[in-house]
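# Survey of secondary and tertiary structure
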2 protein chains.
Amino acid sequence: MPVPMSYTQIADDLADRIKSGEYPPGSKLPSYNELSTLYSVHFGTIARVIALLRDRGVVIGSPGRGTFVPD
Amino acid sequence: MPVPMSYTQIADDLADRIKSGEYPPGSKLPSYNELSTLYSVHFGTIARVIALLRDRGVVIGSPGRGTFVPD
DNA sequence: AGTAATTTGTTCGTATGTATC
DNA sequence: AGATACATACGAACAAATTAC
């Protein structure tokens, strides 16, 4: 089994993907459950990643709707 | 029982205390265990608070030594 | 109209690793 | 060698908002 990425690495990876245009402004990121599958980590780890990106202003979370890249 | 502060509120409270001079540059913050007692929250919640303040550059953690206010 | 499912968000408990004293 | 302290992750539970049917 490969060593899973740490939450900071996942945060940096997601930030890079957003910056590169993979997730353009206004777009919706995969759900927590999808991200936890994509990165093979626990749900709570993804929640921590998103919380970090939120604090950095990289994404905006909207309970019940999703996580979005600000315009 | 009083409603406990959320981890963001605790982070803001600590940041305010640092800014006000209660924890001057170079000083050492209370340990995770002490903070979790002070704020009546779980150890893991304090770890999350410190992680947030670390990301903001407000504190620097040093495993085995403590958490410090940068100069 | 109303219930169930989905999604974000927080917290506790526990375990483990690493560094320092 | 042992105790202390920071740091990360998993599992589980729960709340609140939204969406789907």
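This write-up is about the structure you can find in this document. (Residues numbered from 1 in each chain as written. Chains lettered and ligands numbered in written order. Predicted model: local features only at pLDDT ≥ 70, side-chain atom pairs only at ≥ 80, totals over all residues. Heavy atoms only, no water.)

## A closer look at the relation of the copies chain A and chain B
The condition is simple: Least squares is the method used to superpose the copies, on C-alpha atoms of residues holding a pLDDT of at least 70 in both. By the convention used here, residues are in contact when the closest approach between their heavy atoms is within 4.5 Å.
For the pair chain A and chain B, the relating rotation is 180°, the translation along its axis is 0.1 Å, and the fit reaches an RMSD of 0.0 Å. What the superposition gives is, in effect, a two-fold axis relating one chain to the other. Minimal C-alpha separation from the rotation axis in chain A is found for Leu-52 of chain A, amounting to 3.7 Å. Looking at the interface residues of chain A, 100% of them are also at the interface in chain B, so both copies use one shared face.

## Regarding the packing of aromatic side chains
Residue and element names in this part refer to chain A. We count it as follows: Stacked, tilted and edge-to-face are the three classes assigned to paired rings of Phe, Tyr and Trp, where Trp is represented by its six-membered ring and a pair needs centres within 6.5 Å; plane angles under 30 degrees give stacked, over 60 edge-to-face, the rest tilted. Think of it this way: any DSSP run of H or I at least four residues long counts as a helix, any run of E at least two long counts as a strand, and we number them from the N terminus. Any residue under 20% of the maximum accessible area for its type is buried, any over 50% is exposed, and the rest in between are partly exposed; the area is computed with a 1.4 Å probe on protein chains only.
Within the structure shown, the criterion is met by 2 aromatic pairs over all chains. Judged by centre distance (5.5 Å) and plane angle (55°), the rings of Tyr-32 and Phe-43 are tilted. Placement of Tyr-32 in helix H2 (residues 32–38) and of Phe-43 in helix H3 (residues 43–55) is noted, with a sequence separation of 11 residues between them. Taking relative accessible area as the criterion, Tyr-32 reaches 24% and is therefore assigned partly exposed.

## As for the protein's contact with DNA strand D
This is how the line gets drawn: What makes a residue near a molecule or strand is one non-hydrogen atom of that residue sitting within 4 Å of it. Contacts described as polar in this section are N or O atom pairs within 3.5 Å, which, within protein, must combine one atom able to donate a hydrogen with one able to accept it, while residues neighboring in sequence count only if both atoms come from side chains.
Taken together, 21 residues form the shell around DNA strand D, and within it Ser-6, Tyr-7, His-42 and Thr-45 of chain A together with Tyr-32 of chain B come nearest. Within 4 Å of the protein, the contacting atoms of DNA strand D are drawn from sugar and phosphate to the extent of 84%. Between DNA strand D and the protein, one listed contact pairs a phosphate oxygen with a side-chain N or O atom of Tyr-32 of chain B at 2.6 Å. Here a phosphate oxygen of DNA strand D sits 3.5 Å away from a polar atom, N or O, in the main chain of Gly-61 of chain B. Of all the secondary structure elements, the ones that give two or more residues to the surface near DNA strand D are H3 of chain A together with helix H3 (43–55), strand E1 (60–62) and strand E2 (66–68) of chain B. In terms of residue count, H3 of chain B provides more of the surface near DNA strand D than any other element does, 3 residues in total.

## Some remarks on empty space enclosed by the protein
The test is simple: Cavities and pockets were defined on a 1 Å grid built from protein atoms only: a cavity is a group of points that admits a 1.4 Å probe but offers it no way out, a pocket is an open group of points flanked by protein on both sides within 12 Å along at least five of seven lines, and a lining residue is one with an atom within 4 Å of any such point. Grid points are joined across faces, edges and corners, and a volume is the space filled by probe spheres set on the points. Here the term charged refers only to Asp, Glu, Lys and Arg, the term nonpolar to Ala, Val, Leu, Ile, Met, Phe, Trp, Tyr, Cys and Pro, and the term polar to all other amino acids, Gly among them.
Here the structure, examined in full by the defined rule, presents 1 cavity of 30 Å³ or more. In this structure, the largest cavity occupies an estimated 130 Å³ of space. Forming the boundary of the largest cavity are Tyr-7, Arg-48, Ala-51, Leu-52 and Asp-55 of chain A together with Tyr-7, Arg-48, Ala-51, Leu-52 and Asp-55 of chain B. Among the secondary structure elements, those contributing two or more residues to the lining of the largest cavity are H3 of chain A together with H3 of chain B. In terms of residue class, the lining of the largest cavity is built from 6 nonpolar, no polar and 4 charged.

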